[in-house]
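Working through the structure, step by step
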Amino acid sequence: FPETMHCLIVLNAPTWFSMTWRIIQGFIDPRTAKKIQVFGSETKGRNRLFELVDESEVPTDFGGKAGSTDLTIRKLAFGNDWNKR
C-alpha cells in the first residue's frame, strides 16, 4: 500500500541500484516515486533519516542511539531469557 506510506529510504544503495532506480521510477506513479528516496552515500542517507526519525529511536545498526536490531528482536522473542540463547 504505497499510498499509505510517508516515505521509504534506501540507505547505502550500490551504484547499480541507484542507476536502475532512475529507470524504474519512470514506470511507477509519480506520487509513489516521490516517496522513495535512494541514497548511495551513507552520510546523506543517515542525515535524511535523522530529519524524519529522532536519533534515539534509530537502532545502532543504522547509526542511531537505540539498541541494536538483533538485541531488540531477541528481547521480543525470548523475553527475560534473551541473554541465555
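Residues numbered from 1 in each chain as written. Predicted model: local features only at pLDDT ≥ 70, side-chain atom pairs only at ≥ 80, totals over all residues. Heavy atoms only, no water.

Looking at the overall build of the protein chain
Selection criterion: Helix and strand definitions here come from DSSP, where helices need a minimum of 4 consecutive H or I residues and strands a minimum of 2 consecutive E residues; each element is numbered from the N-terminal end. The globule rule is 2.2 Å times the number of residues to the power 0.38, and the radius of gyration it is compared with is taken over C-alpha atoms. Buried, partly exposed and exposed residues are distinguished by accessible area as a fraction of the type maximum, computed with a 1.4 Å probe on protein chains only: under 20%, between the cut-offs, and over 50%, respectively. Contacts are assigned to residue pairs with any non-hydrogen atoms lying within 4.5 Å of each other. Surface accessibility follows the Shrake-Rupley procedure with a 1.4 Å probe radius. Residue values consider only the protein chains on display as shielding. By the counting rule applied here, Lys and Arg register as positive and Asp and Glu as negative, while His and the ends of each chain are not counted. Where a charge lies is defined by one atom per residue type: Lys uses NZ, Arg uses CZ, Asp uses CG and Glu uses CD.
Counting its regular elements, the protein chain contains 4 helices and 2 strands. Each helix (α) and strand (β) of the protein chain, taken in turn from the N terminus, gives the series β-α-α-β-α-α. The globule rule puts the C-alpha radius of gyration for 85 residues at 12 Å, and the 16 Å found for the protein chain is more than 25% above it. Taken over the C-alpha atoms alone, the protein chain extends approximately 50 × 30 × 25 Å along its principal axes. A buried classification covers 18% of the 85 residues belonging to the protein chain. Considering only contacts in the protein chain between residues 6 or more positions apart, those separated by 24 or more positions represent 45%. Total accessible area computed for the protein chain in this model is approximately 6,600 Å², and 57% of it derives from carbon and sulfur atoms. Taken together, the 12 basic and 10 acidic charged side chains of the protein chain have centroids lying 2 Å from each other.

Quick look at the pattern of salt bridges
Stated formally: Within this document, salt bridges are pairs made up of a side-chain nitrogen of Lys or Arg and a carboxyl oxygen of Asp or Glu, the two lying within 4 Å of each other.
Tallied over the entire structure, the rule returns 4 salt bridges. One salt bridge connects Glu 42 with Arg 46, and the closest N-O pair in it is separated by 2.4 Å. Separated by 4 residues within a single helix, Glu 42 and Arg 46 lie in helix H3 (residues 42-52), roughly one turn from each other. Since its relative accessible area comes to 42%, Glu 42 is described here as partly exposed. Here Glu 51 ties to Arg 48 by a salt bridge, and the two come within 2.9 Å at their closest N and O atoms. With Glu 51 and Arg 48 both in helix H3 and 3 residues apart, the pair spans about one turn of that helix.

Looking at the environment of Pro 30
Here Pro 30 shows up in helix H2 (residues 30-35). Separated by 28 residues in the primary sequence, Pro 30 and Val 58 have C-alpha atoms spaced 28 Å apart.

A look at the confidence of the model for the protein chain
The following threshold applies: In predicted models, pLDDT denotes the confidence assigned by the predictor to each residue on a 0 to 100 scale.
Per-residue pLDDT for the protein chain averages 87, and the proportion of residues at 70 or more is 92%. The least confident element of the protein chain, judged by mean pLDDT, is helix H4 (residues 69-78) at 84; the most confident is strand S2 (residues 36-38) at 93.

Focus: a nonpolar patch on the surface
The line we're drawing: Exposure above 30% relative accessible area and the absence of a salt bridge qualify a residue for a patch, where like charges join within 9 Å and nonpolar side chains (Val, Leu, Ile, Met, Phe, Trp, Tyr) within 5 Å.
Nonpolar side chains collect at one region of the surface, where Ile 23, Ile 24, Phe 27 and Ile 28 lie side by side and expose about 430 Å² of accessible area between them. Looking at the secondary structure, you find Ile 23 in helix H1 (residues 15-24). Since its relative accessible area comes to 59%, Ile 23 is described here as exposed.

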